[in-house]
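The lines below spell out each chain.
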Amino acid sequence: MKESIFVICAHSDDQILGPGGTLAKYAKEGKEIFTIIFSYGETSHVWLKKKVSAEIRVKEAQNADKVIGGSGVVFFGLKEGKFFEEVKNKDIKDKVKKLLKEKKSSRIFTHVPDDVHEDHRAVYKIVNEILDEINYKGDLLGFDVWNAVNIRKRHLPKVYIDISSTFRIKLKALHCFKSQFLAMLPPYLGVYINAFMNGLKNDCKYAEKFYKIK
Ligand SMILES: [Zn+2]
């Protein structure tokens, strides 16, 4: 069985904005990439009909998954701001546990504990609880989504992954979400600056930075 890598995140573009280049790199190396997304992220687009918006977001995430060479996206469709209640009511933990076991996950990416977005922090907490409950032996790496300049100091050890060979794929995957952004420049710019600055610290052209949580 192939080695499998999971990314568990709150919204349909987090997995690309955060670890997109790393996921594409792992896919190239022959690993299987599975994405779990807690919500559709529809409330951030008030001018779209809920249904239309959710459909578009699913389609965009699936397209982006194809671009990075992923093996599929699971949407739980939870309400934003209500993750803790919804996780209980919909047996989400059991679903995640089942997937991790079935696919023999060896590494998981999720949000960082002190993320500014409450849904990101909620996912972090829920993922941690799940991994404790199953006594998970693989590792857990945290990623930032938006902050171009990270001013917070974290005590967690940093892990840099060279994405020079897949940075273009990350940008291409990001482009799949063009309907979500009023303008494409801000996300591109943030992703570019981060990858460049992390590359400088890692002696390569482009890198993604993670925090080792487990
Ligand atoms: Zn998000």
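Caption draft 1: A look at the sheet that holds strand E4 (residues 105-111). Read across the sheet, seven strands follow the order E3-E2-E1-E4-E5-E7-E6 without closing on themselves; strand pairing throughout is mixed. Each edge of the sheet is formed by a strand with only one pairing partner; in this case those strands are strand E3 (73-78) and strand E6 (158-162). Neighbour-to-neighbour, the strand axes of the sheet open up by a mean angle of 25°, direction not taken into account. Where E4 and strand E5 (residues 139-143) come together, five bridges link them in parallel fashion. Paired with Thr110 across the two strands is Gly142, which belongs to E5.

Caption draft 2: Local environment of the pairing of E5. Within E5, four of the five residues are buried, leaving the element largely enclosed by the surrounding structure. Regarding the hand of the β-α-β motif, the stretch spanning E4, helix H6 (residues 118-133) and E5 is right-handed. Note that E5 and strand E7 (residues 207-212) share two bridges and pair antiparallel. By the bridge assignment, Gly142 is partnered in E7 with Tyr211.

Caption draft 3: Geometry of the nonpolar core. In this structure, Ile68 and Val123 are the most contacted members of the largest nonpolar core, which totals 55 residues. Examining the composition of this core, we find that seven residues originate from one element, H6, more than from any other.

Cut-offs applied
Residues numbered from 1 in each chain as written. Predicted model: local features only at pLDDT ≥ 70, side-chain atom pairs only at ≥ 80, totals over all residues. Pairing = 2+ DSSP bridges. Helix = DSSP H or I, 4+ residues; strand = E, 2+ residues; numbered from the N terminus. Axes fitted to C-alpha atoms, helices over the stretch in contact; angles between N-to-C directions. Buried ≥ 20, exposed ≤ 12 C-beta atoms within 10 Å, placed from the backbone. Right-handed = clockwise from strand over helix to strand, strands pointing away. Core = buried A, V, L, I, M, F, W, Y, C linked by C-beta atoms within 7 Å.

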